[in-house]
Amino acid sequence: MADQTHVLFVEDDDVIREATQLALERDGFVVTAMPDGLSGLEAFRADRPDIALLDVMVPGLDGVSLCRRIRDESTVPVIMLSARADSIDVVLGLEAGADDYVTKPFDGAVLVARIRAVLRRFGHASGGDRAEEPDAAATGGVLAFGDLEVDTEGMEVRKAGQPVALTPTEMRLLLEFSSAPGTVLSRDKLLERVWDYGWGGDTRVVDVHVQRLRTKIGQDRIETVRGFGYKLKA
C-alpha cells in the first residue's frame, strides 16, 4: 500500500518538513510537502493525494481552516499535527473533519503506523476487506433503526429516506454501533476497532467523532452511558 500512497504534508518548519518528508519517502510514500496552507490547498486540488498531514499552526491558511476546506471537497483522510496534546487546536481540528491527530515531536515510526492505520480504515470503508462488518444477510445488508437505515453492503446511510453523507471514519463508527444496537461500547474499544489502535489513544478522538455523527443521524440516536461509553438506540 505504502509504495503507491501519495501524501500531502503541510508544515511551515523547514527542518521538520524536510526530515519528515525524507522519512516518509524512505518508507515508500510519495510526498508533496508545502510550507503554508494556501500552497497546501493548491497542491491538494492539483494532485488529489491519498492522505493529508496538516500542521495546525501554518501561515496563510491555518491547518484547521485548511482541513475544513479539504473536507468541503473530499473525504480524503486527514491527520492533524499539533505541538500540544492538550491544545484546543486538537479538538478544533477533529471538529473540522480530521480523522486523527499526532502530537509533535513525533517518532517517525509512530507517524507511519498512524498513516497506515488510517489508510486501512479508509480502504475497509470504501469497499475493501469487509470481514468485520455486521452480519445483515437477513435484511439484504440493510439495518433499520427507526427512520435510520444503514446499508452495510452499499456503504450508504439514509435518514427519513434522505441520503446522509458520512466520512469513512464516521461510517466505520456507525457500523460498529449498528452491529450491536443497545450494547454499550467503551471509548477504548471504539479506538481499537475503528481507529485500529493497538495502544492507548486519546478518547477525545472518539468523543468528537460521535458528536459529528450525531449531528448527521440525529442527536438522540447515540446515547451516552456516563462512565462506560456509548450505545446506539435500537
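Above this text is the structure in question.
Residues numbered from 1 in each chain as written. Predicted model: local features only at pLDDT ≥ 70, side-chain atom pairs only at ≥ 80, totals over all residues. Heavy atoms only, no water.

Here we take up the pattern of salt bridges. Side-chain pairs of opposite charge can arise where the charged atoms are in close proximity. Applying the stated rule across the entire model yields 14 salt bridges. The salt bridge involving Asp27 is made with Arg116; its shortest N-O contact spans 3.7 Å. With a gap of 89 residues between them, Asp27 in the loop between helix 1 (14-26) and strand 2 (30-34) and Arg116 in helix 5 (residues 108-125) connect regions that are remote in the sequence. A relative accessible area of 30% places Arg116 in the partly exposed class. (Salt bridge = Lys/Arg side-chain N within 4 Å of Asp/Glu carboxyl O. Helix = DSSP H or I, 4+ residues; strand = E, 2+ residues; numbered from the N terminus. Buried < 20%, exposed > 50% of the residue type's maximum accessible area, 1.4 Å probe, protein only.)

A separate point is the environment of Val150. Note that Val150 resides in strand 7 (residues 148-151). The class for Val150 is buried, based on a relative accessible area of 0%. Note: C-alpha distance between Val150 and Leu174 (24 residues apart in sequence) is 8.4 Å. Discounting chain neighbours no more than four positions away, the residues touching Val150 are Gly141, Val142, Leu143, Phe145, Glu156, Val157, Met171, Leu174, Leu175 and Ser178. (Contact = heavy atoms within 4.5 Å.)

Let us look at the sheet that holds strand 5 (residues 100-103). Ordered in space as 2-1-3-4-5, the 5 strands form an open sheet in which the pairing is parallel. In this open sheet, the two strands that pair with only one neighbour each are strand 2 and strand 5. Strand after strand, the sheet turns through a mean of 20° between neighbouring axes, direction not considered. Here 4 bridges tie strand 3 (residues 51-55) to strand 4 (residues 78-82), and the two strands are oriented parallel to one another. Directly across from Ala52, in strand 4, lies its bridge partner Val78. Across the sheet, helix 2 (residues 37-47) is in contact with strand 1 (6-10) and strand 2; its angle to strand 1 comes to roughly 165°. (Pairing = 2+ DSSP bridges. Axes fitted to C-alpha atoms, helices over the stretch in contact; angles between N-to-C directions.)

An α-helix turns once every 3.6 residues. As a result, residues three or four positions apart point the same way. Turning to helix 3 (residues 63-73), its buried residues number three or more, namely Gly63, Val64, Leu66, Cys67, Ile70 and Arg71. Projected down its long axis, helix 3 shows its buried positions confined to an angular sector of 160°, all on one face. Those residues of helix 3 hidden inside the fold are in contact with strand 1, helix 2, strand 3, strand 4 and helix 4 (88-95). Backbone nitrogen of Val64 and a side-chain oxygen of the N-cap are separated by 3.0 Å at the start of helix 3; the cap is Asp62. (Arc of directions from axis to C-beta. Polar contact = N/O pair within 3.5 Å; in protein donor to acceptor, adjacent residues only side chain to side chain.)

Reading across the sheet, the 4 strands line up as 6-7-8-9 and stay open at both edges, with antiparallel pairing between neighbours. Among the strands making up the open sheet, the edge pair consists of strand 6 (142-145) and strand 9 (162-164). With strand direction ignored, the average angle separating the axes of adjacent strands in the sheet is 25°. Here 4 bridges tie strand 6 to strand 7, and the two strands are oriented antiparallel to one another. Within the sheet, the bridge partner assigned to Ala144 lies in strand 7 and is Glu149. Packing of helix 6 (residues 168-178) onto the sheet brings it into contact with strand 6, strand 7 and strand 8 (156-159), and relative to strand 7 it is tilted by some 105°.

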